[in-house]
Structure formats: C-alpha cells, structure tokens
Amino acid sequence: MQLSLYHLTHSRSQRILWLLEELNLPYQLKIYTQHILEHEDAELKQFNAEAKFPTLVMTDLLDQTTTVLTESSAIIEYLSFSTQKFGIQGLNQQEIIDFYFWKNFADSNFMPNLALKQIFYQLVQRTPFPIHILTRLLKHGFDRGFLNHTLAQQLQSIHLQLKNKAWIAGGSFTIADLLLWFPLKACFELHPRYQKFTEIQRYLLQIESRPAFQTALMKGQWSAETFKSYWSKADQ
C-alpha cells in the first residue's frame, strides 16, 4: 500500500503527518502553503473535488486501485485501527472511557470554539469602514459573553484531567493526545491568560519532545512564529 498525504502547512493536517511518523509508515508528502481556490487546477482535485486538507490517498500497488480518505479524525482513527496502535489496546475500562471522550472532545467541542475566534476576527477584518465598528463590537461582546469563559472552562477541565496522568487517557500515548494537541496549542497562542495551566504546559512539552513529533514538524515545514501570529490575531 502506497500512502500519499496532501498537507497544508500550519493546519490540522500536521497531526496526520505526525501520526505517520509515530507509526513509522512510508508515505509521500505533498505540501501546500495555501488553500486551493475553486478555479485553480491542482493535482489534489483528482482525488478530492473540494480540494480539502488533509487528504490521504491509499494506492494498492498490485492493482493500482486508490482509496481516498479525508477529515483529520477519520484518517487518524483509520490509521490507528489498521495498525492496531495508539488506540484502546492495553487500556483499562476507565482509560477507554476517557480515551473516547477526549478523542471526540478535541475536534467536536474544543476546536469549534477556536474556529469561532478566527471567524469573528476575519469578519471584522473584511467588513468595510464604518460598518466594521459594529462587527468589532459584536466580536467583543461574543468573546466576553461566551468564548473567553468557555475556553477557560475547557482548559481547566483538561488541566484537571491531566493531574496525576502522563497522557490524556492515562498512562499511554494514544490518538486522543494526537488529536488534542492542535487545539491546545492554538489556544495557548491566543492569549497569555490561557497559558497559566501548569499541567497543560507540562503535557505540551512532553508531546513536543517526542522524536516523531519533531520529525513531522521539520517535514511539514512548520513555523512556530507563523502559527503564533495566526492565532494571536484572533483574540484582538
């Protein structure tokens, strides 16, 4: 089986690249530095008409048939299942429950709130004067009335979960950790007020010290400064 990953720099597809390195699977990497516009002709559109990232193309080398998988969570779960690594193997009952909760929490609960930060920021930036004054007030009100408090609560929950645990589900690294890394890192870059959680600080350092993680950053052309700039603007 030949694997080809279509990867957008500084996006959630970085997690797929990281998992491929953790699994030590051979793959081809197709790097893009920006989203593909509707009118553009791109190789990716042969496999994914919407040209969404990440896209994993799996080619059977015997009959040359291809299978295409999109959506970060779906790709990560499939790779974990097919290799029988970094899933529920070896976890006890409570760890399995925590695994399923935090695995789904990352992209279905936590990440959407961070995406709202970006949506409101872009709305303010793209609204012409003087209407942008109203959109800025709307963003400010939504931040203060909902988003800031909700994100702080979510971080507190993660902080408490990590107390006396090496990883989010317990003693073993799983894809729940891999999925949670991106929104956690983005949230930490939003504003210094989100960086006070000591267990999360420890957890992120532990993740970022993994050799496969470091290799994936290098191969994926990751820039910490670019990532920080993108997310810190969303809290302005």
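Our subject is the structure listed above.
If you're wondering where the values come from, they're calculated on a predicted model, not measured in any experiment. Per-chain numbering applies: the sequence of each chain, read as written, is numbered from 1 onward. Since the coordinates come from a predicted model, pLDDT governs what is reported: local features require at least 70, and pairs of side-chain atoms require 80 or more to be given and counted, while whole-chain, interface and lining totals use all residues. Heavy atoms from the whole structure form the basis of all side-chain values; hydrogens and water molecules are not counted.

### Some words on the nonpolar core
Applicable threshold: Only buried Ala, Val, Leu, Ile, Met, Phe, Trp, Tyr and Cys residues count toward a nonpolar core, and they belong to the same one when joined by side-chain atoms within 4.5 Å. Relative accessibility decides the category of a residue: with a 1.4 Å probe and only protein chains considered, values under 20% of the type maximum give buried, values over 50% give exposed, and everything between is partly exposed. Secondary structure is summarised from DSSP: a helix means a run of H or I of at least four residues, a strand means a run of E of at least two, and numbering begins at the N terminus for each. By definition in these notes, contact holds between two residues if any of their heavy atoms fall within 4.5 Å.
Trp-18, Phe-110, Leu-114, Ile-158, Leu-180, Leu-184 and Ile-200 are the most contacted members of the largest nonpolar core, which has 58 residues in total. Sort the elements by how many residues they give to this core and helix α5 (residues 175-190) lands first, with 12 residues. If sequence neighbours within four positions are ignored, Leu-180 has contacts with Phe-105, Ala-106, Phe-110, Ile-158, Ile-168 and Tyr-203. Membership of the second largest hydrophobic core comes to nine residues, among which are Tyr-6, Ala-42, Phe-53 and Val-57.

### What about the packing of aromatic side chains?
We count it as follows: Two aromatic rings, drawn from Phe, Tyr or Trp (for Trp, its six-membered ring), form a pair once their centres lie within 6.5 Å of each other, and the interplanar angle then sorts them: stacked below 30 degrees, edge-to-face above 60, tilted otherwise. A positively charged side chain is recorded as over a ring if its NZ (Lys) or CZ (Arg) lies within 6 Å of the ring centre. The angle to the ring normal must also be within 35 degrees.
Here the structure, examined in full by the defined rule, presents 22 aromatic pairs. Ring centres 5.1 Å apart and planes at 50 degrees place the aromatic pair Tyr-32 and Phe-53 in the tilted group. Taken together, the residues span a long stretch of sequence, with Tyr-32 in strand β2 (residues 28-32) and Phe-53 in the loop between β2 and β3 (55-59) at a distance of 21 residues. Between Phe-101 and Trp-102, the ring centres sit 4.8 Å apart and the planes meet at 90 degrees, which makes this aromatic pair edge-to-face. We classify Phe-101 as partly exposed; its relative accessible area is 46%. For Trp-102, a relative accessible area of 5% corresponds to the buried category. Chaining the aromatic ring pairs together yields one cluster made of Trp-18, Phe-86, Trp-167, Phe-173, Trp-181, Phe-182, Tyr-203, Phe-213, Trp-222, Phe-227, Tyr-230 and Trp-231. Here the basic side chain of Arg-210 rests over the ring of Phe-173, its NZ or CZ set 3.9 Å away from the ring centre.

### Let's talk about the pattern of salt bridges
The condition is simple: Only one rule defines a salt bridge in this text: a Lys or Arg side-chain nitrogen within 4 Å of an Asp or Glu carboxyl oxygen.
The tally for this structure, following the rule as stated, stands at nine salt bridges. The closest approach of N and O atoms between Glu-77 and Lys-103, which form a salt bridge, is 3.0 Å. Taken as a pair, Glu-77 in helix α2 (residues 72-83) and Lys-103 in helix α3 (residues 93-126) lie far apart in primary sequence, 26 residues in all. The residue Arg-193 makes a salt bridge to Asp-235 at a minimum N-O spacing of 3.0 Å.

### Let's talk about the side chain of Thr-55
The following threshold applies: Pairs of N or O atoms are called polar contacts if they sit within 3.5 Å, as long as, within protein, a hydrogen donor faces a hydrogen acceptor (for residues adjacent in sequence, only side-chain-to-side-chain pairs).
Relative to the assigned elements, Thr-55 resides in strand β3. Looking at Thr-55, the relative accessible area reads 0%, which means it is buried. Engagement of the side chain of Thr-55 in a polar contact is seen with the side chain of Asn-48, the distance being 3.0 Å. A polar contact of 2.7 Å, which involves the side chain of Thr-55, links it to the backbone oxygen of Lys-52. Excluding anything up to four places from it in sequence, Thr-55 contacts Ser-4, Leu-5, Tyr-6, Leu-44, Asn-48, Val-68, Leu-69 and Thr-70.

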